[in-house]
Amino acid sequence: MTVPETLLDTPLAGLHRELGGRMVPFAGYAMPVQYPAGIMAEHQHCRAAAALFDVSHMGQAELLGEGAAAALERVSPADVQGLKPGRQRYGLLLNDAGGIVDDFMVANLGDRLFLVVNASRKHIDLPLIESALPAGVRLNPLPDRALLAIQGPGVAAIIPSAMRFMDAALMTIAGIEVLASRSGYTGEDGYELSVPAERAEALARALLAMPGVMPAGLGARDSLRLEAGLCLYGNDLDEATSPVEANLTWSIGKRRRMAWDFPGADRVRAELDNGPARLRVGIRPEGRQPARAGTEVQQGGADVGVVTSGGFGPSVNGPVAMGYVARPAAADGTELTLMVRGKPLAARTAPLPFHPHRYAR
Amino acid sequence: MTALKFTKDHEWLREDGEVFVVGITDHAQTALGDVVFVDLPEVGREVTAGEAIAVVESVKAASDVYAPITGTVTEVNAALTDDPARVNADPTGEGWFFKIQPSAPLPADLLDSEGYNAFLETIA
């Protein structure tokens with residue numbers, strides 16, 4: 001018997017229960033893992049039409065003041081200063097050893113930067129960013145805002161806008177002003193919508209009333225992001241892992257790679273010059289059996305790595321996984337053996353994503 | 001057709017001549033969600049009541065299935081390999097997992113359907 005922890009509710013807790021959401025603990029919050037339709041149907045619906053996710057557990061904050069972008073660059077290798085107004089970018093927070101503290105989204109709203117960080121890491125990220133701020137730059141956490149994600153190929157028709165992938169702008173939906181970014185965590189087109197907590201339920205109800213929109217839980221969110229080859233912090237990324245190992249070198253700004261002026265730059269530079277010892281790759285098990293996080297990866301009887309995310313991909317209609325393998329095993333098509341419950345399961349290194357991204361570029 | 005018996009691990013069993021047919025309950029398949037893979041024991045395996053001998057994988061997670069009685073596995077439901085969704089569609093029929101020929105008296109704590117439903121109430 002585990003001691004029951006006190007879970008936080010998002011502003012949509014009442015709606016989740018009304019919709020029949022099965023609530024589970026996640027990063028300290030009670031979150032719906034699925035609704036009555038089930039993970040498979042919610043996943044497929046997101047790929048075919050539109051799915052609404054509550055991601056209010058994620059951390060939102062704004063960074064204000066002269067030099068805010070330069071200040072954020074002290075803890076991240078992203079090119080924040082080069083981010084144009086109305087644009088959003090994916091970035092990493094790094095520690096001094098070049099390990100990944102978290103991944104985040106940053107949008108340039110003209111007069112301030114808007115940040116979204118992981119729920120499980122916000123208590124670490126915000127003090128880290130705070131510690132890097134000079135006088136005149138202020139970090140303002142936004143715990144009173146909810147975050148909804150509406151994702152799928154049907155979204156463009158029900159929420160028309162001139163925004164393209166990774167644009168960020170204010171928008172009014174059903175009379176409610178939201179901060180929208182055309183992005184998400186599913187590989188599909190869609191928006192993430194930041195809204196004051198007290199308007200979150202009205203916004204969610206308005207979105208659910210739009211044609212073809214169905215609620216989806218964390219289960220579908222996880223299978224969608226895995227098929228899209230997107231990392232989950234705590235599974236695929238951690239403080240021991242570098243951006244080069246994680247195959248996220250693209251998130252390091254070109255200017256930053258000239259100046260090497262970010263935490264852990266020595267390690268990143270050495271790994272770019274010499275190649276990292278291990279790399280994040282896609283892994284396709286043969287047959288139908290999924291290989292879950294923690295599964296050992298072998299090649300010719302020797303341990304070469306570990307699965308960090310794994311499950312069944314409903315759109316792939318087969319098992320899919322991501323993990324870290326020694327560089328010689330990282331080439332696409334390399335034959336691997338996964339040790340699932342003590343039994344060998346044949347697999348191959350595979351290109352990511354497993355399901356093609358369909359962003360509004 | 002004889003009445004089903006149940007375990008607190010959410011297996012059902014049904015006597016069929018000299019063997020018992022075993023599967024997971026409707027409650028279990030609902031809790032697991034869409035079943036995508038079933039890892040079945042080898043025919044001929046000697047199993048002990050309470051031993052994990054099969055695995056059922058949903059989109060989200062893997063769960064053990066336990067032998068409800070002691071005996072020998074005489075047959076497994078090979079149809080689940082190609083169509084694991086049968087576990088969801090017909091958990092106490094076409095979604096059966098394996099058959100065991102008992103080699104020892106049945107455990108005393110097997111439940112009838114009334115007892116199992118009462119047990120479900122206590123864990124709801």
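Just so it is clear, the model here is predicted, and its values are computed rather than measured. (Residues numbered from 1 in each chain as written. Chains lettered and ligands numbered in written order. Predicted model: local features only at pLDDT ≥ 70, side-chain atom pairs only at ≥ 80, totals over all residues. Heavy atoms only, no water.)

Our next topic: the overall build of chain A. Looking only at helices and strands, chain A has nine helices and 19 strands in total. Taking 361 residues into account, the globule formula puts the C-alpha radius of gyration at 21 Å, and chain A, at 20 Å, falls close to it. The C-alpha extent of chain A, read off along each of the three principal axes, is 60 × 50 × 45 Å. Burial status across chain A gives 58% buried among its 361 residues. (Helix = DSSP H or I, 4+ residues; strand = E, 2+ residues; numbered from the N terminus. Rg over C-alpha atoms; globule rule 2.2 N^0.38 Å. Buried < 20%, exposed > 50% of the residue type's maximum accessible area, 1.4 Å probe, protein only.)

The next thing to look at is the packing of aromatic side chains. For the structure shown, the criterion picks out five aromatic pairs over all chains. Seen in terms of ring centroids, A:Tyr90 and A:Trp250 are 5.3 Å apart; in terms of plane orientation they differ by 25 degrees. Their pairing is stacked. Placement of A:Tyr90 in strand E5 (residues 88–94) and of A:Trp250 in the loop between helix H7 (218–227) and helix H8 (254–259) is noted, with a sequence separation of 160 residues between them. By the ring-pair criterion, three or more aromatic residues cluster together here, those being B:Phe6, B:Tyr116 and B:Phe119. Its end group placed over the ring of A:Tyr324, A:Arg278 keeps NZ or CZ at 4.6 Å from the ring centre. (Phe/Tyr/Trp six-rings, centres within 6.5 Å; stacked < 30°, edge-to-face > 60°. Lys NZ or Arg CZ within 6 Å of the ring centre and 35° of its normal.)

Turning next to the sheet that holds strand E11 (residues 176–181) of chain A. All names here are of chain A. The strand order E10-E11-E12-E9-E3-E13 describes an open sheet built from six strands, whose pairing is mixed. In the strand order of this sheet, the two ends are held by strand E10 (168–173) and strand E13 (213–215), each with one partner. Pairwise comparison of adjacent strand axes, ignoring direction, gives a mean angle of 30 degrees for this sheet. Pairing of strand E3 (residues 50–54) with E13, which is carried by three bridges, proceeds in the parallel orientation. Across the sheet, the residue bridging to Ala50 is Val213, located in E13. With respect to the sheet, helix H2 (residues 39–48) is in contact with E3, strand E9 (145–151) and E13, its orientation differing from that of E13 by roughly 150 degrees. (Pairing = 2+ DSSP bridges. Axes fitted to C-alpha atoms, helices over the stretch in contact; angles between N-to-C directions. Contact = heavy atoms within 4.5 Å.)

Quick look at the state of the cysteines now. All names here are of chain A. Overall, the coordinates contain zero disulfides over all chains when judged by the stated rule. We note that Cys46 lacks a disulfide partner, and the nearest cysteine sulfur, in Cys231, lies 19 Å from it. Among the residues examined, Cys46 registers a relative accessible area of 0% and is labelled buried. (Disulfide = S-S within 2.5 Å.)

All names here are of chain A. On domain assignment, one finds that chain A holds domain 1 (13–58 + 144–227) and domain 2 (277–350). Here the C-alpha centroids of domain 1 and domain 2 sit 30 Å apart. Across the boundary between the two partners, domain 1 contributes eight residues, which contact eleven residues of domain 2. Note on domain 1 versus domain 2: buried area summed over both sides is about 700 Å², and carbon and sulfur give 64% of it. For the pair domain 1 and domain 2, the interface holds zero salt bridges. The interface formed by domain 1 and domain 2 contains six residue pairs in polar contact (both at pLDDT 80 or more). Those elements giving two or more residues to the side of domain 1 that touches domain 2 turn out to be H2 and H7. A per-class count over the side of domain 1 that touches domain 2 returns two nonpolar, three polar and three charged. (Domains from an automatic or database assignment. Buried area = accessible area lost by both parts, 1.4 Å probe. Salt bridge = Lys/Arg side-chain N within 4 Å of Asp/Glu carboxyl O. Polar contact = N/O pair within 3.5 Å; in protein donor to acceptor, adjacent residues only side chain to side chain. Nonpolar A, V, L, I, M, F, W, Y, C, P; charged D, E, K, R; others polar.)

Residue and element names in this part refer to chain A. Most of H7 sits inside the fold, with nine of its ten residues counted as buried. Where H7 is concerned, the buried positions are Leu218, Gly219, Ala220, Arg221, Ser223, Leu224, Arg225, Leu226 and Glu227. Among the residues trailing H7, Gly229 stands out with phi positive, at a value near 75 degrees.

What follows is about the pattern of salt bridges. This model, assessed by the stated rule, comprises 30 salt bridges over all chains. A:Asp261 is paired through a salt bridge with A:Arg256; the nearest N and O atoms lie 2.9 Å apart. Judged by its relative accessible area of 0%, A:Arg256 is buried. Linking B:Asp83 and B:Arg86 is a salt bridge whose minimum nitrogen-to-oxygen distance equals 3.2 Å. For B:Asp83, a relative accessible area of 33% gives the class partly exposed. Of the residues examined, B:Arg86 reaches a relative accessible area of 26% and is grouped as partly exposed. Linked through salt bridges whose partners overlap, the residues forming this network are A:Glu73, A:Asp79, A:Arg89, A:Arg255, A:Arg256 and A:Asp261.

This part is about the sheet that holds strand E4 (residues 59–64) of chain A. Residue and element names in this part refer to chain A. Read across the open sheet, the five strands follow the order E5-E6-E7-E4-E8; overall the sheet is antiparallel. Taken across any chain shown, the strands that pair with only one partner, and hence form the sheet edges, are E5 and strand E8 (138–141). The mean angle between the axes of side-by-side strands here comes to 30 degrees, regardless of whether they run parallel or antiparallel.

Moving on, we get to the interface of chain A and chain B. Many structure descriptions define interface size as the accessible area lost when the parts assemble. Contact with chain A, which involves 17 residues of that partner, is made by 14 residues of chain B. In total, chain A and chain B occlude about 1,300 Å² of area from one another, counting both sides; carbon and sulfur atoms represent 51% of this. Broken down residue by residue, the surface that chain A buries against chain B is led by A:Arg288, A:Arg292 and A:Arg341, which jointly contribute 37%. At the surface where chain A touches chain B, the tally comes to four salt bridges. A salt bridge links A:Arg292 to B:Glu57; its shortest N-O distance comes to 2.5 Å. Remark: the boundary between chain A and chain B carries ten residue pairs in polar contact (both at pLDDT 80 or more). Within the residue set of the side of chain A that touches chain B, elements represented by two or more residues are H2, H7 and strand E16 (302–313) of chain A. Classifying every residue of the side of chain A that touches chain B by side-chain character gives six nonpolar, five polar and six charged.

In this model helix H6 (residues 197–208) of chain A runs 17 Å from its N-terminal to its C-terminal C-alpha over twelve residues, within 8% of the 16 Å that 1.5 Å per residue would give. Those residues of H6(A) that sit buried are A:Ala200, A:Leu203, A:Ala204, A:Ala206, A:Leu207 and A:Leu208. (Expected span 1.5 Å × (residues − 1).)

A separate point is the side chain of B:Lys99. Residue and element names in this part refer to chain B. Take Lys99: it is sitting in strand E9 (residues 98–102). A relative accessible area of 15% places Lys99 in the buried class. Among residues more than four places away in sequence, those in contact with Lys99 are Asp16, Val19, Phe20, Val21, Thr72, Val73, Thr74 and Glu75.

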